[in-house]
Amino acid sequence: MKKVIGTMITSILIAVCFVGCSQQLEIPDYSDMGNWAYCETENGQKTVDVFFVCPTVYGGSESQRNMSLSDSESKVSFLSAINMEKGIYDADGRFFSPYYRQAGLQVYTMSAKEQETYLGTAYSDVKAAFEYYMEHFNDGRPIVLAGFSQGADHCIRLMKDCFADEGARELLVACYAIGWRLTEEEIKEYPHLKFAQGKDDTGVIVSFNSESEQIHDSLMIPSGTKTLAINPLNWKCDETVAYREQNKGACFTDYEGNVIREVPHFTGAYIDAERGALKLLDVAPEDYPAGLSIFEDGVYHIYDYQFFYRNLQENVGVRIEAFMSQD
């Protein structure tokens with residue numbers, strides 16, 4: 001009976017996703033397995049599915065703002081970026097992650113209106129891939145939706161578009177949209193969105209953006225903006241300080257996802273009341289520079305997953321267990 005209900009929910013979700021979907025001739029054909037970085041269709045013993053959206057790896061150029069799926073060099077970087085975060089999610093889940101025409105890094109130097117032209121193209125691919133996954137692979141299985149940076153932005157867009165139906169939301173374990181902002185105004189506009197309030201609530205969005213105490217403006221959280229956040233060390237949404245002893249381990253991986261350095265009790269953190277940023281207590285900007293020209297040192301965006309790797313990994317398992325124990 002549970003599988004029958006799940007299959008019905010899957011059908012509902014597919015219908016919801018297709019409503020209003022902008023069709024572009026260049027959208028990849030996701031029946032072609034070459035357009036998937038990962039497409040694990042064998043059930044095995046894994047109880048859920050993970051649909052993961054890759055962060056920005058493509059720099060972009062004046063003539064090519066969106067990554068071409070025939071760009072083999074960028075696809076190698078694409079796969080490497082996924083591998084660096086895959087280990088957080090895949091212990092209990094089949095893993096699905098599409099290649100998509102992501103917006104290049106240069107796009108983020110444009111105005112919001114200009115950005116949307118290229119981010120919209122990227123999202124049309126992600127949405128098409130998700131729809132294909134739902135129709136052909138999901139079969140009523142619980143879903144962990146996850147992404148980082150641009151990938152997190154696309155996950156939130158999927159949440160707005162595809163999970164408005166109550167039945168569709170029944171499949172969602174959680175959405176880990178890390179490294180992107182989500183505001184109270186968006187929650188009001190899309191009341192079906194729920195932000196996480198603790199370590200084991202389900203059907204919720206988990207998000208945070210790491211920075212030093214000296215940062216007051218960034219691409220991720222522009223000055224005057226307040227984003228929602230949850231602290232991955234204590235799973236609270238208030239200003240309660242979590243000390244480094246609560247950090248189960250920062251993990252730094254190679255491009256195949258192997259942990260090459262692990263540092264228990266790496267840093268403590270608290271949520272800033274004004275910005276909603278996750279402020280780190282024990283990290284020096286000169287030791288972990290921003291790494292990208294669009295960020296100043298002290299914006300720890302590229303380390304969001306690495307600094308809290310073991311806490312996130314554990315939490316994915318906790319939320320899956322909580323979801324599977326529901327009646």
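Just so you know, these numbers come straight off a predicted model, no measurement behind them.

With that settled, the discussion passes to the overall build of the protein. The secondary structure content of the protein amounts to eight helices and 11 strands. Taking 20 Å as the expected radius of gyration for a compact globule of 327 residues, we find that the protein reaches 19 Å, a close match to that expectation. When the backbone C-alpha atoms are referred to their principal axes, the protein occupies close to 50 × 50 × 40 Å. Here the protein holds 327 residues, and 57% of them are scored as buried. Accessible surface, the protein as shown: approximately 14,100 Å² in total, 49% of it carbon and sulfur. In the protein, 27 positive and 49 negative side-chain charges are present, and the distance between their average locations comes to 3 Å.

What follows covers the sheet that holds strand β10 (residues 269–271). Strands sit in the order β7-β11-β10 across an open sheet of three strands; the sheet is mixed. Since the sheet does not close on itself, it has two edges, and those belong to β7 (210–211) and β10, each with one partner. Here β7 runs beside strand β11 (residues 278–280); their pairing, made up of two bridges, is parallel. Considered in β11, the bridge of Ser210 is made with Leu278.

Predicted confidence across the protein gives a mean pLDDT of 92, with 92% of residues reaching 70 or more. Below a pLDDT of 50 lies the segment residues 1–24, which in the model reaches 36 contacts outside its immediate sequence neighbourhood of four places, other chains included.

Within the fold, Asp153 resides in helix α4 (residues 150–162). We classify Asp153 as buried; its relative accessible area is 6%. Sequence separation between Asp153 and Trp180 is 27 residues, and the spatial gap between their C-alpha atoms is 5.9 Å.

Let us look at the packing of aromatic side chains. Going through the model one piece at a time under the given rule, you end up with 30 aromatic pairs. For the pair Phe208 and Phe308, a centre-to-centre distance of 5.6 Å together with 85 degrees between the ring planes defines the contact as edge-to-face. Pair noted here: Phe208 is in the loop between β6 (204–206) and β7 and Phe308 is in the loop between α7 (304–307) and α8 (309–324), with a separation of 100 residues, a long-range link. Of the two residues examined, Phe208 and Phe308, each falls in the buried class. Site record: aromatic cluster; members linked through ring pairs are Tyr30, Trp36, Phe51, Phe96, Phe130, Tyr132, Tyr133, Phe137 and Phe163. Across from the ring centre of Tyr123, 5.9 Å away, lies the NZ or CZ of Arg157, which sits over that ring.

Formed by 102 residues in total, the largest nonpolar core has its most connected members in Phe51, Tyr89 and Phe307. Of all the elements, helix α3 (residues 112–138) adds the most residues to this core, at 11 residues. Leaving out residues up to four positions away in the same chain, Phe51 has contacts with Trp36, Phe96, Pro98, Val126, Ala129, Phe130, Tyr133, Val144, Leu145, Ala146 and Leu158.

Before going further, it helps to examine the pairing of strand β8 (residues 250–253). Taking every second residue as pointing to the same face, both faces of β8 are buried, with Ala250 and Phe252 on one and Cys251 and Thr253 on the other. In the sheet, β8 pairs with strand β9 (residues 259–263) via four bridges, with the strands oriented antiparallel. In the sheet register, Cys251 faces β9, and the bridge partner there is Glu262.

What follows is about unusual backbone geometry. Even without being a glycine, Trp235 presents a positive backbone phi close to 55 degrees. Mapped onto the fold, Trp235 is located in the loop between β7 and β8. Trp235 gets classed as buried once you look at its relative accessible area, which sits at 9%. Notably, His265 is not glycine yet its phi reads approximately 55 degrees, a positive angle.

The six strands are arranged β1-β3-β2-β4-β5-β6 in an open sheet whose pairing can be described as mixed. Of all strands in the sheet, those with a lone pairing partner are β1 (36–39) and β6, marking the two edges. Sheet twist, expressed as the mean angle between neighbouring strand axes with direction ignored, is 20 degrees. Packing of helix α2 (residues 72–86) onto the sheet brings it into contact with β1, β2 (48–53), β3 (93–98) and β4 (143–148), and relative to β1 it is tilted by some 35 degrees. Seen against the sheet, α4 touches β2, β4, β5 (172–178) and β6 and runs at an angle of roughly 140 degrees to β4.

The next thing to look at is the packing of α3 against α4. It is at 10 Å that the axes of α3 and α4 come closest, and there the two elements cross at 65 degrees. In this structure, α3 crosses over α4, and the sense of that crossing is right-handed. Of the residues in α4, those in contact with Glu116, Leu119, Ala122, Tyr123, Val126, Lys127 and Phe130 of α3 are Gln150, Asp153, His154, Arg157, Leu158, Asp161 and Cys162.

About the thresholds
Numbering of residues begins from 1 in every chain and follows the order in which that chain's sequence is written. Given that the model is predicted, a residue must reach a pLDDT of at least 70 before its local features are reported, and side-chain atom pairs must reach 80 or more before they are shown or counted; all residues, however, enter totals for whole chains, interfaces and linings. Only hydrogens and water are set aside when side-chain values are computed; all heavy atoms of the structure are taken into account. Runs of E in the DSSP output that reach at least two residues are strands. Runs of H or I that reach at least four are helices, and both are numbered from the N terminus. Note on method: radius of gyration uses C-alpha positions; expected globular size equals 2.2 Å times residues raised to 0.38. Burial classification: accessible surface area is computed with a 1.4 Å probe over protein chains only, and a residue below 20% of its type maximum counts as buried, one above 50% as exposed, and the rest as partly exposed. Here the accessible surface of atoms and residues is derived via Shrake-Rupley with a 1.4 Å probe, and residues count as covered only by protein chains that are part of the display. Charged residues are defined here as Lys and Arg on the positive side and Asp and Glu on the negative side; His and the ends of the chain fall outside this count. Think of each charge as sitting on NZ of Lys, CZ of Arg, CG of Asp or CD of Glu. In this analysis, strands are considered paired if DSSP registers two or more bridges between them. Confidence scores per residue from the predictor, reported as pLDDT, run from 0 to 100. Two residues form a contact once any of their heavy atoms are found within 4.5 Å. Two rings from Phe, Tyr or Trp (for Trp, the six-membered ring) form a pair when their centres sit within 6.5 Å of each other. Planes less than 30 degrees apart are called stacked, planes more than 60 degrees apart edge-to-face, and all others tilted. In this scheme, the term charge over a ring applies when either NZ of a lysine or CZ of an arginine sits within 6 Å of the ring centre and within 35 degrees of the ring normal. The nonpolar core is taken to be a set of buried Ala, Val, Leu, Ile, Met, Phe, Trp, Tyr and Cys residues, with the residues joined through side-chain atoms within 4.5 Å. A fitted line through C-alpha atoms represents every axis, and for helices the fit uses only the stretch in contact; the resulting angles, taken between N-to-C directions, go from 0 to 180 degrees. With the far helix as reference, a near helix turned anticlockwise by less than a right angle produces a left-handed crossing, and one turned clockwise produces a right-handed crossing.

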